Each structure stands twice: as structure tokens, then as C-alpha cells.
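# Structure at a glance
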Amino acid sequence: MGRAVTDARLLVTALVDPSGLRLDTDWTALIAIARAEQLIGTLAHRLDGLPVPETVAMLLADARDAAEQGRRTALWEAEMARRALAVTDTPVVLLKGTAYVAAGLLAGRGRSIGDLDILVPRGRIDRVEAALIAAGWEWVKPDPYDDDYYRRWMHELPPMIHRERDRMIDVHHTILPLTARQTPDAAALIDRAVPLNDGLSVLCPADMIVHAATHLFADGDLAGGLRNLWDIHCLIDEFGTGGLADRAAHHGLLPAVARAARLAHQLYRTDVPQQWRADAPTDALFRRRLLARDGWGRSTRPVTRLAFYIRSHWLRMPPAMLARHLWIKWRRN
Amino acid sequence: MRHALSIRIGPVGFRIGSDWRAPIDQLAALYRDYPVPDVADFTVRLFAARAWRRVIRPSVTIGGDYMLPDAAPLPLAHGLLAGEMAMNLQLALGYRRHLLLHASVVERDGRAIVMTGESGAGKSTLATLLASRGWRFMGDEFALLDPETGLVHAFPRLISLKNAGIAAAAAAWPDGRFGPSLPDTPKGDIRHLVPPAAAIARMDEPAMPALLLFPRHGVAADTRDVGASEAFVRLTQASTNYVALGEAGFRALTGLVRGVPARAIDYPDGDAAIAAVEALWAGL
């Protein structure tokens, strides 16, 4: 099988410099890593038209088909939500993958899209919830503790799923849990949103980057991080970084945005301003986490992953609350 | 991974990795006549969810490019079955070059019978019996229907025999190469049979569907016509990627049910089934 592929650097290299891939690349490993990182559609677009072995060409064509079908389904789901929410007279901002494809952005090319994520004003959340339930969405986990937890402390409603189309919707009213130390300006996110021609809108470019960076570095445990970082790379590539630092600072999220810009530059060679070109001491640890995937598509480096998992909870809530939360979760399982 | 094997079954290449030697050795023996793919379409992993599970009451977790979140692990004694399940799972969840129909397929003179039905309807047994009477076996798990050409492609993986089907196949194939007996699996007793040599040698030859059959085992012999609409609905239920393919899947399936006659046959035993199939085939 040749030399073993021990981390996801192979995928990163392929995305950055697709024409530099050699024909004797370990394609099976590359494809397994790209699937595991949900970047197979993106890789397929990057390699479109380049010389690859015939089997690989067929696989990548399938992946482009799949992404196209995913795009169509995501846009249809957004349209369903638009129709359901028209009666509420509420601004609806699309987030993440659906926003990228709805706005026709580079970040949407080949991207896999799971749930529909929308942002609405917090004051309208009850009305939005009622309209969605009337239109056929229902709760995924009707557990009293979880439900109460989401409503009191999270930045979104508990996830809902449509009973006929089997698709999930996440209704956000801001972009970080209420328990996090930073408090982004949710009203400003909606005020500055850019309308699409169908009544839905997307975040303005700077806010889109702030949200992607926040999601990656101020909230989760970096699972699927290479995909989210690729989003950030594409957004910066397409929109540049003018006004980004000010906007990030306004939301109190400059550290996350700076981290995102530095890592995008380090891994994807994203063109960023000078102040984000120098490595910070902890960046190596983040790269180690982001690349923790072997040539079989397995996650590796369990200690690093655990550290980032703990970090994600640490960021999300104060210590006493975290202890109580974990205690309740543990007792229930 | 520590132990690995690559094989191609019809148009689909697999790379199978395992924490243990036994499942790979068993797969390698049974799949020894299959080609090696240059690049695998899918990676399959048989692994211990916890490190000590490699040695203490070893249990095989099924994984790969596509995974089910709550798949129950199997004991190492059923490692071969785990490998087969994991390969099927990759197709069911990730394959989209062809429309996948949960069906068995046999071919004669370039024309194919596609047989589908619920688990236990006997489509696997029927395909095995027909293969012992001059038909080419093309697969007993998935029929791969090409939306562009309307042709069905072979996927002749190991024949998975269950319970009473094991003895019936042993009688029909006295010289057959069988895998180890796997008693008391979640699906009952299972034993794998290597498809006939012709099925493997000719697995890259597709065939044009000529008859859709909905067999049902264990009831009095009967044959009835199945309308295109009913066939369509039953086949959407028998497809694992119909929804994922979108318009291409719809085109493939409507083309199939419009172009190919569909019949339901009930049969009390193998001989009656073969007589019914041959009679239908002669009358096409």
C-alpha cells in the first residue's frame, strides 16, 4: 500500500494545489480522508478537469453529482422554511452551507450541507416556532432537561425535524450560546444582512466570516474543522478582509477571527493581512487537532481530541454550570 | 490498518481493513478469484471500539467511509459477516453511480430477470437455484441499474445463505465453495457461498432487464401481472438510493417499469418456482 498516510495533510495539499498532485498519489487514502472530513465534494470540484486515474475521475464525478443534489435539496428546504415563515413577517437570515449556495459563493462549491440553519430576531422566536410547528416541523428530542437547557442557555431552539421531508432545522437567535463569555451583537447581524431576491437574506460578508470563525474556534470541539476552515478560506478569498477586524471586534470575537485567519493562511495559504501571518504559540496545537485523521479515514490523536472536547465545554459555560450540566447528563446516561 | 485486503465486485472496488487477521483471511480465501481494484471506491473498517476489545471478548465494530451511528458490533466469530455487512452498507449509503435495487439478478442471452421482495421472500434462494440451471448469476443483494443505458450491472458478492436456504444451496451446489458456518447471527444461521465461476469471470458484462419478478415463498403456486405503478412503488421501497439520486433515479425507475413486464409469483418449493420462471420467460 506504499507509505502510510498518517494525517490529513494529504487532503489539505490536494485542496490547495490540486494540479500538483502526482498520479501515484495514494488516492484511496485521499478519498477516505476527504469523505471523513466531509470535503469530498469540494475536492471533486478542485480536481475537476485535471488528469486523474479513471476510477478516481468516476468517483469524483459521483461526488459532484451528490453535491449538486445536496445543493438543490438545501435550497428547496430553505424555500419551504420561507413559505412557512412568510406569515410571521420576520426577517429570516440563512446561515452556513445553505447561505453559501443560496448566495452562489465559492464556499458553496461542492459543499456538503446537513441541517438548515436560520437566524431570526430573538423577540420573534415564539412566533417562528409556532409557524414551523404549524407547517409540519416537530421536536427531535422532547426531553424536559434538554428542552429547558436549550431555551434558557443556547443560541438556538432545540433542533426540529420536518415529519415528511425528514430534514432538520436549527433556528438561531444569535451565533454563540448565551452562556459563552462573548456576546455577539445579534441585532447588528440581522440589520446588516444582505437580502437575496426571494425574501430570504444572508449575513454580510464580514459577519459571515465572523460567524464561521466563531462556530469553529469559539464554540465546538473542532470536529469537521477542516471543512469549516475551508469555508473561511473561500470567504476571505472571495470578499477579502477589509473591515473584518473591526467587525469582529464589535462582536467581541476578534481572537476567534484572528485564529481562523492565521490557520487558514497556515493550512490553505489564504491571502490574509500581515498581522495574521505570524504563527501564535498555540496554533501548532490547533493544526495538530485539525489534521488528526489517518489514511483509513480514522480519527487519530485521542488525547488532543479530548483536550479540545473539554475546551469546547469550558468555552461554552462557566465552571459551576458546566459541573451541574455534566452531572445531569452523566446521571441520565 | 493492521490487516487489509482490496477486491473489486462488479463496478465497485473495496478496501477492507481489520484489527484482526481472521476476517481478512476468510474474505481473501472466498474472494480469491476477484480482481484487485486500482483505486477503491469505498473503504471498510472492522475495528475494536475499545483497545482491549481486540483481545478480551473481541467484538467487531463496522465502519468505513459511511457509517451508521448505532450499528451493533458482532463477535469476532462473525467477522466475515461483519465484512459483508460493512461492504453492503457502503453501497447502501454512499453509492450513486447506479440506482440500487435490493434485488437478485440472473441473466440468459444478455437479458436479465430482476427479482425483488422483502427479506425472506426467497429472491436469494431463487437466484441460486436458477444459477444451477444454466442462468448466469449476477447478484443476490443489489441490482445496479444504469440511468443512462437502462442496463443492469452485476454485483456478484458472496451469496449469503440463511437458515433452510443453506441446505437447499448445498444440495444444488455439491461442489460449491462455502464459507464457515455462522450460527446464531442476528439474522439467524448464515453461510456464504462463492458465486459460480462464470458469475465472477463475466461480472463486467451488464444485461438488459427483460422481466421484473416479485417472488413469494411458502404459499400455493400462483402468478399474476403487476402493473407499472405498483412495480414503481414497490421498487422505490426496494431502493436504498432512489431519493439520493433525485431526477436520475426517477428516470431510471420509470424507464424500467415502463419497458419491462412485471409479475408476482408465489411458490411452495424450488422446483415449482423454476418451472414458473421458465414458463414466464418462454412466454415473453
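Above this text sits the structure in question.
Here is what the cut-offs are and how they apply
Per-chain numbering applies: the sequence of each chain, read as written, is numbered from 1 onward. Chain letters and ligand numbers both follow the written order, the letters beginning at A and the numbers at 1. Reporting of local features is limited, given that this is a predicted model, to residues whose pLDDT is at least 70; pairs of side-chain atoms are given and counted only at 80 or more, and all residues count toward the totals for whole chains, interfaces and linings. With hydrogens and water stripped out, all remaining heavy atoms of the structure feed into the side-chain values. The axes used here are C-alpha line fits, helices contributing only the stretch in contact, and every angle between their N-to-C directions lies in the interval 0 to 180 degrees. Numbering of helices and strands starts at the N terminus; helices are DSSP runs of H or I of at least 4 residues and strands are runs of E of at least 2. Roughly parallel means an angle under 35 degrees; roughly antiparallel means over 145; roughly perpendicular covers 65 to 115; every other angle is labelled oblique. Contact between two residues is taken to exist if any of their heavy atoms lie within 4.5 Å; hydrogens are not considered. Any residue that is not Ala, Val, Leu, Ile, Met, Phe, Trp, Tyr, Cys, Pro, Asp, Glu, Lys or Arg is counted as polar, Gly included; the first ten are nonpolar and the last four charged. Strand pairing requires that DSSP identify at least two bridges connecting the strands. Under the pairing criterion, centres of Phe, Tyr and Trp rings, with the six-membered ring standing for Trp, must be within 6.5 Å; the plane angle then separates stacked pairs below 30 degrees from edge-to-face pairs above 60, leaving the rest tilted. Three exposure classes are used, based on accessible area relative to the maximum for each residue type with a 1.4 Å probe and protein chains only: buried under 20%, partly exposed in between, and exposed over 50%. A positively charged side chain is recorded as over a ring if its NZ (Lys) or CZ (Arg) lies within 6 Å of the ring centre. The angle to the ring normal must also be within 35 degrees. Take a side-chain nitrogen of Lys or Arg and a carboxyl oxygen of Asp or Glu: if they are within 4 Å of each other, that pair is a salt bridge.

### A closer look at the packing of helix α13 (residues 283-290) of chain A against helix α14 (residues 302-316) of chain A
Residues and elements named next belong to chain A. Viewed as axis vectors pointing N to C, α13 and α14 meet at an angle of 110°, and their least axial separation amounts to 9 Å. When the interaxial angle is binned, α13 and α14 end up roughly perpendicular. Of the residues in α14, those touching α13 at L285, F286, R288 and R289 are T304, R305, F308 and R311. When the residues that make up the contact of α13 with α14 are grouped by side-chain class, the tally is three nonpolar, one polar and four charged.

### A look at the pairing of strand β13 (residues 188-193) of chain B
Residue and element names in this part refer to chain B. Here four bridges tie strand β11 (residues 159-162) to β13, and the two strands are oriented antiparallel to one another. If you follow I159 over to β13, its bridge partner there is L193. Judged from the two bridges that link them, strand β12 (residues 182-185) and β13 form a sheet pairing that is antiparallel. Looking at β13, one finds that T185 is bridged to G188. Turn length for the β12-β13 hairpin, with the two strands adjacent in sequence and antiparallel, is two residues.

### Some details on the packing of aromatic side chains
Under the defined criterion, the tally for this structure stands at 13 aromatic pairs over all chains. Between Y145 of chain A and Y149 of chain A, the aromatic rings sit 6.1 Å apart at their centres with planes inclined by 35°, giving tilted as the arrangement. On the criterion of helical spacing, the pair formed by Y145 of chain A and Y149 of chain A is a turn pair, its members being four residues apart in helix α7 (residues 144-153). Under the relative-accessibility criterion, Y145 of chain A is labelled buried at 17%. For the pair F286 of chain A and F308 of chain A, a centre-to-centre distance of 4.9 Å together with 80° between the ring planes defines the contact as edge-to-face. A residue pair is termed long-range when its members are at least 10 positions apart, and F286 of chain A in helix α13 and F308 of chain A in helix α14 qualify at 22 residues. Grouping aromatic residues by their ring pairs yields a cluster made of F14, F42, Y66, Y95, F142 and F155 of chain B. Directly above the aromatic system of W314 of chain A lies the positively charged group of R181 of chain A, at a separation of 5.2 Å from the ring centroid. Against the face of W281 of chain B rests R111 of chain B, its NZ or CZ located 5.0 Å from the ring centre.

### Quick word on the side chain of K96 of chain A
As for its placement among the helices and strands, K96 of chain A is situated in helix α5 (residues 96-102). Filtering out sequence-adjacent residues up to four positions away, K96 of chain A remains in contact with D117, H172, H211 and H215 of chain A.

### Examining the sheet that holds strand β1 (residues 3-9) of chain B
Residues and elements named next belong to chain B. Sheet architecture is open: five strands sit in the order β1-β2-β3-β4-β5, paired in mixed fashion. The sheet terminates laterally at β1 and β5 (74-75), the two strands that pair on one side only. As defined by bridge partners, β1 adjoins strand β2 (residues 12-18) across seven bridges and the pair is classed as antiparallel. Across the sheet, the residue bridging to L5 is I16, located in β2. Where helix α1 (residues 21-30) meets the sheet, its contacts fall on β1, β2 and β3 (42-47), and the angle it forms with β1 comes to roughly 30°. Its contacts with the sheet put helix α2 (residues 79-94) on β1, β2, β3, β4 (59-64) and β5, and the angle it makes with β3 is roughly 145°.

### Details of the sheet that holds β12 of chain B
Residues and elements named next belong to chain B. The strand order β11-β13-β12 describes an open sheet built from three strands, whose pairing is antiparallel. Where the open sheet ends on each side, the last strands, each with one partner, are β11 and β12. Taken pair by pair, the neighbouring strands of this sheet meet at an average axis angle of 35°, ignoring direction. Sheet strands in contact with α2 are β12 and β13, and its direction is about 75° off that of β13.

### Remarks on the pattern of salt bridges
Residues and elements named next belong to chain A. On inspection of all chains with the given rule, the structure shows 40 salt bridges over all chains. Between D283 and R259 there is a salt bridge, with its nearest N and O atoms 2.8 Å apart. Of the two residues, D283 sits in helix α13 while R259 sits in helix α12 (residues 254-268), which places them 24 residues apart along the sequence. Residue D283 shares its accessibility class with R259, and that shared class is buried.

### Some thoughts on unusual backbone geometry
Its identity as a non-glycine residue notwithstanding, K96 of chain A has a phi of 55°, on the positive side. By relative accessible area, K96 of chain A is classed as buried at 19%. Its identity is not glycine, yet D184 of chain B carries a phi of approximately 55°, on the positive side. Judged by its relative accessible area of 67%, D184 of chain B falls in the exposed class.

As far as function goes, none of this settles anything; it's purely spatial.
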